[in-house]
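Residue-level structural notes
Listed below are the residues making up each chain.
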Amino acid sequence: MVGIDRSLDRIIERGRRQRHEAAVAANVQVHKMARRTIRPEDRLLLLEFDALTFDCDVATLLKRTGLGQEELPRARWRKVRKKADMLLAKLDALSDSPDPENLFAAVTGLLVRIYHRSDGGRSPRARQLLDAALTRCEEQPTGNVHLGLLMLRLRECETVSEEIEFASRITLLLRDSPAPVFSPERAGYMTYIADEITHAIARLAFSGDPAAHRCAAGLARDMSNWFTTPSAEDRVPVAHILIANRHAIVLIEHADDVRVHAFPVAVEPLMALASLSIHPPVDEIDQPRENRQRLSAELRFVLGAIAEYDTIRLNPLRIAAWIPWTALKFDKRTLAEGRNIAWMNPFPQLVAATSDRTVDDEQPIGGTALVMDDSLGLHDGTVRAFKDAPNSVTVFSSDDPMSRLTPEVLQQACRGKTGLVFFCHASSDLHDYSLAGIPTGVKSSRLTLWEVAELDLRHVRWAAVIACESGRPNSFLPATSVAHALACAGVDVVVGTLWEIGARTTGPKFLKALRRELDRRPDDLAGGFRRIQRDDPTAMMAFSLIAR
């Protein structure tokens, strides 16, 4: 982004100046203390200023190199290497110093990246530094520093066994992360590792080693389960799907066996779908139809591999999570027709302890909770659609701060109900899912994913969130939407939308079809959803199913 976004350029320049000022101030302070004894750990702390300044200098140098030029001229790299060698000499002199802040590993990570770039990708010196820093991190773990070093080491793996080892160490590190679920810290971790882990899965999948295939499937499962506690394993086959290296890769995991399918695909239809999700269509029918036809043609071999199983769970990752798989065509039918296909993730409950909001076990269970944002003006139509069913109606307004939707209000609305229909606005954020949620008042007030996921909704069997982007995956992880948060709260089957929908067109159309299907089978939202998509897959392409 540097050189493209002027605001980012200004941020880099300001950061560089601030770090230079800090480094100068630190050096001045050192000279003032020249007659005193400075502890080695204090010198290591001061060395961090030099590393930060050096990092900004390198970033500025790369910025001035120009877009599209991957490598710096040799003369500039020699200048950078000279500074890196000086920094390394200072670091070596302090290698035996106490390091409570794990600064040694942080500075080492910077030097490793510099040596790799200047040596053309393989540097014995960088490998030695990296191994030494990883040893220190194992003795004194620090999440973000340790993660960065493991990512660097993963890029250097030369054998399948090495790749398995370091990919597994990364997943274990993240699994034990103290950062709260749905927090910005977790979002940062996932943004940082997603590309590398995705390519690691692809490399392992292309290997001919069955152990590598099992590891690839395990990594794909871990990418979906970092937020949740795995439920009891079942024997249903799981298809992990990802797009990497211009291939669609399908890892079908069944019992202890993993079958790998890889098919070349054109990137253009996939990018068109991502663009459709980010910039919703003006015409909600024609544009999805064109994309659906292109995607169906491009992914026909993937659909064929999935369709070999009458019952299978789908776990699409990264860009594959943007594809409404059950709405694609296969053999002149929708894939969902007559097949028991559902999303795999997320698993039922969060890692964090459940909240103290519990359901009274003695209350009668039945009916549907209707929760509606009055600002949409669809209150009467929604109530009429459910007039023959026992229901409760909860109304709030995203335009009125005095009529907000709170976790307590939502928990009470679902009390004693087996179904939940949400007709509201929803928001998502491509880069930080902690900012996603349901707008509940003026300005930035919202019901967050964390608040929704903490509810105890295990008695609610199904939920339909008819709201823009309510089932939209984040750009790097599927389980980052309102619909997924409801699944984390214990709802068995949830339907949400991948992109913005027309509140007065697509929304009511889906609601009417949903009511018709629920009249036939009151608690079978998954089956009803498949029939809805089968009858009108183009109009219903925005909707996505999450089920256990």
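Residues numbered from 1 in each chain as written. Predicted model: local features only at pLDDT ≥ 70, side-chain atom pairs only at ≥ 80, totals over all residues. Heavy atoms only, no water.

With that settled, consider the overall build of the protein chain. For the protein chain, the helix and strand inventory stands at 18 helices and 17 strands. Evaluated residue by residue, the protein chain yields a buried proportion of 53% over its 548 residues. Contacts spanning at least 24 positions in sequence make up 71% of the contacts within the protein chain whose residues lie at least 6 apart. Of the roughly 24800 Å² that the protein chain leaves accessible, carbon and sulfur atoms contribute 51%. (Helix = DSSP H or I, 4+ residues; strand = E, 2+ residues; numbered from the N terminus. Buried < 20%, exposed > 50% of the residue type's maximum accessible area, 1.4 Å probe, protein only. Contact = heavy atoms within 4.5 Å. Areas by Shrake-Rupley, 256 points an atom, 1.4 Å probe, with all protein chains shown as cover.)

Read from one edge of the open sheet, 6 strands run E11-E10-E12-E15-E16-E17, paired in mixed fashion. Edge positions in the sheet fall to strand E11 (391–396) and strand E17 (543–547), since each of these pairs with one other strand and no more. On average, each strand axis in the sheet is inclined to that of its neighbour by 15°, with strand direction left out of account. Two elements, strand E15 (residues 462–466) and strand E16 (residues 493–497), share 3 bridges in a ladder whose sense is parallel. (Pairing = 2+ DSSP bridges. Axes fitted to C-alpha atoms, helices over the stretch in contact; angles between N-to-C directions.)

Turning our eyes to something else, we now look at helix H8 (residues 184–206). Between its first and last C-alpha, H8 extends 33 Å over 23 residues, near the 33 Å set by a 1.5 Å rise per residue. Approximately 45° is the largest bend angle found in H8, and it occurs at Ile 193. (Expected span 1.5 Å × (residues − 1). Bend = angle between axes of the 7 residues up to and from the residue.)

Our focus in this paragraph is the nonpolar core. Among the nonpolar cores identified, the biggest contains 99 residues, and Leu 111, Leu 149, Ile 201, Leu 420, Phe 422, Leu 486 and Val 494 are the most heavily contacted of them. Per element, the largest residue contribution to this core is 10 residues, and it comes from H8. Among all residues touching Phe 422, those that are not within four sequence positions of it are Val 371, Phe 396, Leu 405, Leu 410, Ile 438, Ala 464, Val 465 and Ile 466. Listed in part, the 57 residues of the second largest apolar core include Ile 252, Phe 263, Ile 312 and Leu 518. (Core = buried A, V, L, I, M, F, W, Y, C linked by side-chain atoms within 4.5 Å.)

Where helix H7 (residues 160–175) meets helix H9 (residues 210–225), the closest approach of the two axes is 10 Å, and the angle between their N-to-C directions is 20°. When the axis of H7 is compared with that of H9, the two are roughly parallel. For the crossing formed where H7 meets H9, the hand is left-handed. In this structure, H7 uses Val 160, Ile 164, Ala 167, Ser 168, Thr 171 and Arg 175 to contact H9, whose residues at the interface are Ala 211, Ala 212, Cys 215, Leu 219 and Asp 222. Here the residues of the contact of H7 with H9 sort into 7 nonpolar, 2 polar and 2 charged. (Parallel < 35°, antiparallel > 145°, perpendicular 65-115°, else oblique. Left-handed = near helix turned anticlockwise from the far one by under 90°. Nonpolar A, V, L, I, M, F, W, Y, C, P; charged D, E, K, R; others polar.)

Under the defined criterion, the tally for this structure stands at 16 salt bridges. Between Arg 458 and Asp 456 there is a salt bridge, with the nearest N and O atoms lying 2.6 Å from each other. Of the charged contacts in the structure, one is a salt bridge between Arg 534 and Asp 535, with a shortest N-O distance of 3.3 Å. Its relative accessible area of 34% is what places Arg 534 among the partly exposed residues. The exposure class assigned to Asp 535 is partly exposed, which follows from its relative accessible area of 48%. Residues joined in a network through salt bridges with shared partners are Arg 516, Glu 517, Arg 520 and Arg 531. (Salt bridge = Lys/Arg side-chain N within 4 Å of Asp/Glu carboxyl O.)

This part takes up the confidence of the model for the protein chain. Across the protein chain, the average pLDDT comes to 75, with 73% of residues at 70 or higher. Confidence, expressed as mean pLDDT per element, reaches its minimum in the protein chain at strand E9 (residues 349–350) with 52 and its maximum at strand E4 (residues 257–264) with 93. The model gives residues 1–6 a pLDDT under 50, and that stretch makes 8 contacts with residues more than four places away or in other chains. (pLDDT = per-residue confidence, 0-100.)

Turning our attention to the pairing of strand E3 (residues 247–254). Of all 8 residues that make up E3, 6 are buried, and the element is covered over most of its length. In the sheet, strand E2 (residues 238–244) pairs with E3 via 7 bridges, with the strands oriented antiparallel. The residue of E3 that forms the bridge with Ala 239 is Ile 252. Between the antiparallel neighbours E2 and E3 lie 2 residues, among them Asn 245 with a positive phi of about 55°. In the sheet, E3 pairs with E4 via 8 bridges, with the strands oriented antiparallel. From the neighbouring strand, Ile 252 faces E4, where its bridge partner is Arg 259.

Let's shift gears to the packing of aromatic side chains. All chains considered together, the criterion is met by 2 aromatic pairs. When the centroid spacing of 4.1 Å and the interplanar angle of 15° are considered together, the rings of Phe 510 and Phe 543 count as stacked. Taken together, the positions of Phe 510 in helix H17 (residues 506–520) and Phe 543 in strand E17 put the pair 33 residues apart, joining distant regions of the chain. The exposure classification of Phe 510 matches that of Phe 543, with both residues buried. (Phe/Tyr/Trp six-rings, centres within 6.5 Å; stacked < 30°, edge-to-face > 60°.)

Another point: the environment of Glu 454. Position of Glu 454 relative to the elements: it lies in the loop between helix H15 (449–453) and E15. Glu 454 sits 35 residues away from Ala 489 along the chain, and the two C-alpha atoms are 6.0 Å apart.

Mapped onto the secondary structure, Thr 418 falls in the loop between helix H14 (407–413) and strand E12 (419–423). By relative accessible area, which is 7% here, Thr 418 ends up buried. In this structure Thr 418 touches Ile 365, Gly 366, Gly 367, His 459, Val 460, Arg 461, Trp 462 and Asp 523, once residues within four positions along its chain are discounted.

Negative phi is the rule for most residues except glycine; trans is the rule for most peptide bonds. The residue Asp 331 is not glycine, and still its phi comes out positive at about 55°. Tracing the backbone shows Asp 331 in the loop between strand E6 (329–330) and strand E7 (333–334). If you check the backbone angles, Lys 332 has positive phi at about 65° while not being a glycine. Structurally, the position occupied by Lys 332 is in the loop between E6 and E7.

All right, on to the packing of H17 against helix H18 (residues 525–535) then. Two numbers describe a pair of packed helices, the interaxial angle and the distance between the axes. Contact geometry for H17 and H18: axes closest at 9 Å, N-to-C directions at 130°. The orientation of H17 relative to H18 falls into the category oblique. For the element pair H17 and H18, the recorded crossing hand is right-handed. Residues Phe 510, Ala 513, Leu 514, Arg 516, Glu 517 and Arg 520 of H17 pack against Leu 525, Gly 528, Phe 529, Arg 531, Ile 532 and Asp 535 of H18. In terms of residue class, the contact of H17 with H18 is built from 6 nonpolar, 1 polar and 5 charged.

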